[in-house]
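# Chains, contacts and geometry: an overview
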Amino acid sequence: MALIAQRPKGTLDAVPAEAYKWNTVESIARETAELYGFKEIRTPMFEQTNLFERSVGDTTDVVQKEMYTVTAKTSQRGEKENSFTLRPEGTAGAARAVLENGILNEALPQKVYYIISCFRHEKQQKGRYREFHQFGVEMYGSSSPCADADVIALAQSYIDRLGLKGIELCINSIGCPTCRAKYHEALRAYFESKKSDLCETCLGRLEKNPMRILDCKSPVCSEIAKDAPVILDFLCEECSTHFEALKANLTAMEIDFTINPKIVRGLDYYTKTVFEFITTDIGAQGTVCGGGRYDGLIEEIGGPKTPALGFAMGLERLILTMDSQGCDYIQPRKCNLFIASMGNMALAKAVTLTKALRDEGFWVEYDVMGRGLKAQMKYADKINAEFSMVLGDNELETNKVNLKNMKTGEQIEIALDESFIDQFSNIQISNMFGGIL
Ligand code: HAM
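Quick look at the structure, then.

Parameters at a glance
- Residues numbered from 1 in each chain as written.
- Predicted model: local features only at pLDDT ≥ 70, side-chain atom pairs only at ≥ 80, totals over all residues.
- Heavy atoms only, no water.
- Near = heavy atom within 4 Å.
- Polar contact = N/O pair within 3.5 Å; in protein donor to acceptor, adjacent residues only side chain to side chain.
- Areas by Shrake-Rupley, 256 points an atom, 1.4 Å probe, with all protein chains shown as cover.
- Helix = DSSP H or I, 4+ residues; strand = E, 2+ residues; numbered from the N terminus.
- Nonpolar A, V, L, I, M, F, W, Y, C, P; charged D, E, K, R; others polar.
- Expected span 1.5 Å × (residues − 1).
- Buried < 20%, exposed > 50% of the residue type's maximum accessible area, 1.4 Å probe, protein only.
- Contact = heavy atoms within 4.5 Å.
- Pairing = 2+ DSSP bridges.
- Axes fitted to C-alpha atoms, helices over the stretch in contact; angles between N-to-C directions.
- Phe/Tyr/Trp six-rings, centres within 6.5 Å; stacked < 30°, edge-to-face > 60°.
- Left-handed = near helix turned anticlockwise from the far one by under 90°.
- Core = buried A, V, L, I, M, F, W, Y, C linked by side-chain atoms within 4.5 Å.
- Patch = residues over 30% accessible without salt bridge, like charges linked within 9 Å, V, L, I, M, F, W, Y side chains within 5 Å.
- Salt bridge = Lys/Arg side-chain N within 4 Å of Asp/Glu carboxyl O.
- Lys, Arg positive; Asp, Glu negative; His and termini not counted.
- Charge placed at Lys NZ, Arg CZ, Asp CG, Glu CD.
- Right-handed = clockwise from strand over helix to strand, strands pointing away.
- Parallel < 35°, antiparallel > 145°, perpendicular 65-115°, else oblique.

## Observations regarding the site of the ligand
- By nearness alone, 27 residues border the ligand, and Glu 89, Thr 91, Glu 122, Arg 265 and Tyr 270 come closest of all.
- A distance of 2.6 Å separates a nitrogen atom of the ligand from a polar side-chain atom of Glu 122.
- For the ligand, a nitrogen atom lies 2.8 Å from a polar atom in the backbone of Tyr 129.
- In isolation the ligand exposes 660 Å². Once the protein is present, 96% of that is buried.
- Elements supplying a minimum of two residues to the shell around the ligand: strand E6 (131-140), strand E10 (287-293) and strand E11 (308-314).
- For the shell around the ligand, the leading source of residues is E10, giving 6 residues.
- Among the residues making up the shell around the ligand, the classes are represented as 11 nonpolar, 9 polar and 7 charged.

See below:
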């Protein structure tokens with residue numbers, strides 16, 4: 001059999017045997033975000049391209065190399081062209097949406113979270129995909145270092161609730177435009193002396209935004225970047241005080257952290273605090289979470305001056321880490337009952353019973369394949385049904401049926417009348433507590 005198309009490179013299928021894992025990371029994400037007072041926001045999967053150019057930054061790898069952009073005609077006669085891009089991340093779209101919907105006029109801070117798919121045209125490898133998923137949170141309105149600590153505490157709490165161990169929190173401050181100006185000068189002087197070895201893209205970045213050279217993925221540039229000056233040595237007093245207060249807050253919350261002055265993040269909007277959670281369990285792409293403060297972004301995209309911060313977790317990377325650490329997932333629900341049938345009358349009875357039991361909240365299956373009894377029971381086994389019963393002429397005549405516990409093989413006779421659902425419910429409940437069957 002030759003399929004006419006394959007899964008696009010850099011994307012993943014989550015087949016049912018794997019998809020239940022997503023339910024765990026997503027439901028615990030919602031639960032944790034809501035405990036910290038964040039409410040869900042849903043925004044379009046694509047935005048006008050200039051939103052990402054202005055926010056993520058036009059000298060970043062994401063904007064320069066990785067965006068999926070289409071040009072679309074936006075009027076019926078087709079005279080107006082507009083450029084749209086599949087979202088490479090969630091911060092820009094959330095910021096646009098809170099502004100456009102007037103959410104920042106309400107009581108501050110405003111706190112939103114999202115679980116979304118993102119798209120970046122990257123080289124595929126384990127943990128790095130072209131379509132991937134993020135759980136992200138954003139907080140608008142607070143410039144206090146308490147807010148930084150709060151958002152980091154939320155990320156830590158989520159990681160703990162997933163059962164993950166040994167994930168290292170690394171923090172840094174990349175300052176504000178004032179301290180960054182001096183830092184850029186020092187970086188320029190450093191990279192100028194290595195100019196002949198830099199890649200083409202980084203040569204362009206040297207004048208415009210030398211910090212971006214620090215997270216270039218080319219092996220030569222990253223080797224050169226290792227000895228570059230670090231921003232922590234250039235922080236102004238305000239940024240330095242903010243960073244000290246953040247450290248004190250994290251310590252007070254008993255959240256372990258390491259200071260890593262090399263973290264600069266790959267997106268342009270960050271100011272002051274930046275942080276990452278990193279695992280060594282899944283290979284080179286071990287950053288499971290990235291975030292930080294972005295006090296200039298809201299103004300940059302046309303809103304009022306508003307401090308803000310947030311983070312996003314890569315859900316594929318979290319699942320990879322959970323698998324490698326053998327973490328528990330919320331188990332998918334079990335089939336409560338398989339009703340096997342012999343003959344048309346019995347099948348008709350199976351259909352009505354199934355419908356009635358499903359209406360009461362049980363997962364019930366019956367034979368829709370026209371199989372013989374033996375094959376039906378084999379199927380009941382395969383789907384791990386908790387109970388089974390066989391309906392045939394005899395059962396219909398006597399109005400009694402044997403209910404079999406598929407695990408223990410024990411059987412109990414129950415009436416096949418209007419009391420059936422109640423009887424089945426009682427047996428289910430007692431089974432949960434290790435009862436008669
Ligand atoms: P980011 O570091 O670009 O930050 O992405 C956040 C997380 O998404 C990464 O730590 C990683 O786990 C995951 N991720 C990124 N790219 C890929 C990929 N190609 N394949 C698989 N996973 C990936 C942001 O996106 C910011 N918007 C985070 C943020 C929110 N900052 C403030 N608020």
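Picking up where we left off.
## What to know about helix H5 (residues 145-161)
- Its 17 residues give H5 an end-to-end C-alpha distance of 24 Å, which sits within 8% of 24 Å, the value for a rise of 1.5 Å per residue.
- The element H5 is extensively covered by neighbouring structure, given that 13 of its 17 residues are classed as buried.
- Its side-chain oxygen placed 2.9 Å from the backbone nitrogen of Cys 146, Ser 144 serves as the N-cap of H5.
- Directly beyond the C-terminal end of H5, a positive phi value near 90° is found at Gly 163.

## Re the environment of Asp 268
- Of note, Asp 268 is situated in the loop between strand E8 (258-259) and strand E9 (271-278).
- Through-space distance from the C-alpha of Asp 268 to that of Arg 212 is 8.2 Å; in sequence the pair is 56 residues apart.
- Non-local contacts of Asp 268, meaning those with residues more than four positions away in its chain, are made with Ser 55, Val 56, Gly 57, Asp 58, Thr 59, Thr 60, Asn 209 and Arg 212.
- Separated by 3.0 Å, the side chains of Asp 268 and Asn 209 make a polar contact.

## Considering the sheet that holds strand E5 (residues 110-119)
- Ordered by their spatial adjacency, 8 strands build an open sheet running E1-E5-E6-E11-E10-E9-E7-E8, and the pairing between neighbours is mixed. Across the chains shown, the open sheet's two edge strands, defined by having one partner strand only, are strand E1 (39-40) and E8.
- In the packing of helix H1 (residues 16-35) onto the sheet, the strands contacted are E1, E5 and E6, and the crossing angle to E5 comes to about 160°.

## Points about the packing of aromatic side chains
- Tallied over the entire structure, the rule returns 14 aromatic pairs.
- When the ring of Phe 275 is compared with that of Phe 277, the centres are 6.4 Å apart and the planes differ by 90°; the resulting orientation is edge-to-face.

## Here's the deal with the packing of H1 against H5
- It is at 10 Å that the axes of H1 and H5 come closest, and there the two elements cross at 140°. Considering how the two elements wind past one another, H1 and H5 form a crossing that is right-handed. When H1 is examined against H5, the residues Val 25, Ile 28, Ala 29, Glu 31, Thr 32, Ala 33 and Leu 35 are found in contact with a partner set consisting of Leu 154, Ser 157, Tyr 158 and Arg 161.
- By residue class, the composition of the contact of H1 with H5 is 7 nonpolar, 2 polar and 2 charged.

## Considerations on the nonpolar core
- By size, the foremost hydrophobic cluster in this structure holds 54 residues, and its most contacted members are Tyr 140, Phe 191 and Leu 214.
- Within the second largest apolar cluster, 42 residues are counted, among which are Val 25, Ala 33, Phe 135 and Val 151.

## Side note on the sheet that holds strand E4 (residues 81-86)
- Strand order in this open sheet of 3 strands is E2-E4-E3, and the pairing throughout is antiparallel. Bordering the open sheet on either side are strand E2 (46-48) and strand E3 (69-73), each of which pairs with just one other strand. Averaged over all pairs of adjacent strands, the angle between strand axes in this sheet comes to 35°, irrespective of strand direction.

## A closer look at a positive patch on the surface
- A contiguous patch of positive charge, built from Arg 371, Lys 374, Lys 378 and Lys 382, is present on the exposed surface.
- Position of Arg 371 among the secondary structure elements: in the loop between strand E13 (364-366) and helix H13 (373-382).

## Notes on the pairing of strand E12 (residues 337-341)
- Burial analysis of E12 places 5 of its 5 residues in the buried class, the great majority of the element.
- Alternating positions in E12 separate into two faces, Leu 337, Ile 339 and Ser 341 on one and Phe 338 and Ala 340 on the other, with burial throughout.
- With 3 bridges connecting them, E12 and E13 associate as parallel partners. Looking at E13, one finds that Ile 339 is bridged to Tyr 366.
- Between the parallel elements E12 and E13, the chain passes through helix H12 (residues 344-359) in a crossover that is right-handed.
- As paired strands, E12 and strand E14 (residues 387-391) are joined by 5 bridges and run parallel to one another. Each residue of the ladder has a partner; that of Ala 340, found in E14, is Val 390.

## Notes on the pattern of salt bridges
- For the structure on display, the rule yields 27 salt bridges.
- Between Asp 359 and Lys 355 there is a salt bridge, and its shortest N-O distance comes to 2.8 Å. Of this pair, Asp 359 and Lys 355 both sit in helix H12, 4 residues apart, which is roughly one turn of the helix. In terms of burial, Asp 359 and Lys 355 fall into one category: exposed.
- If you follow the salt bridges from partner to partner, you end up with Glu 66, Glu 122, Arg 128 and Lys 217 in one network.

## Looking at a nonpolar patch on the surface
- On the surface, Ile 429, Met 432 and Phe 433 cluster together into a nonpolar patch covering about 390 Å² of accessible area.
- Locating Phe 433 in the fold gives a position in the segment after helix H15 (420-432).

## Focus on the packing of H1 against helix H11 (residues 315-325)
- Put simply, H1 and H11 touch, their axes get as near as 10 Å, and they point 110° apart. Comparing their axes, H11 and H1 come out roughly perpendicular. Handedness of the H1/H11 crossing: right-handed. Residue-level inspection shows Lys 21, Trp 22, Thr 24, Val 25 and Glu 26 of H1 in contact with H11, the latter providing Leu 315, Glu 316, Ile 319, Met 322 and Asp 323.
- Split into classes, the residues belonging to the contact of H1 with H11 amount to 5 nonpolar, 1 polar and 4 charged.

By themselves these figures say nothing about function.
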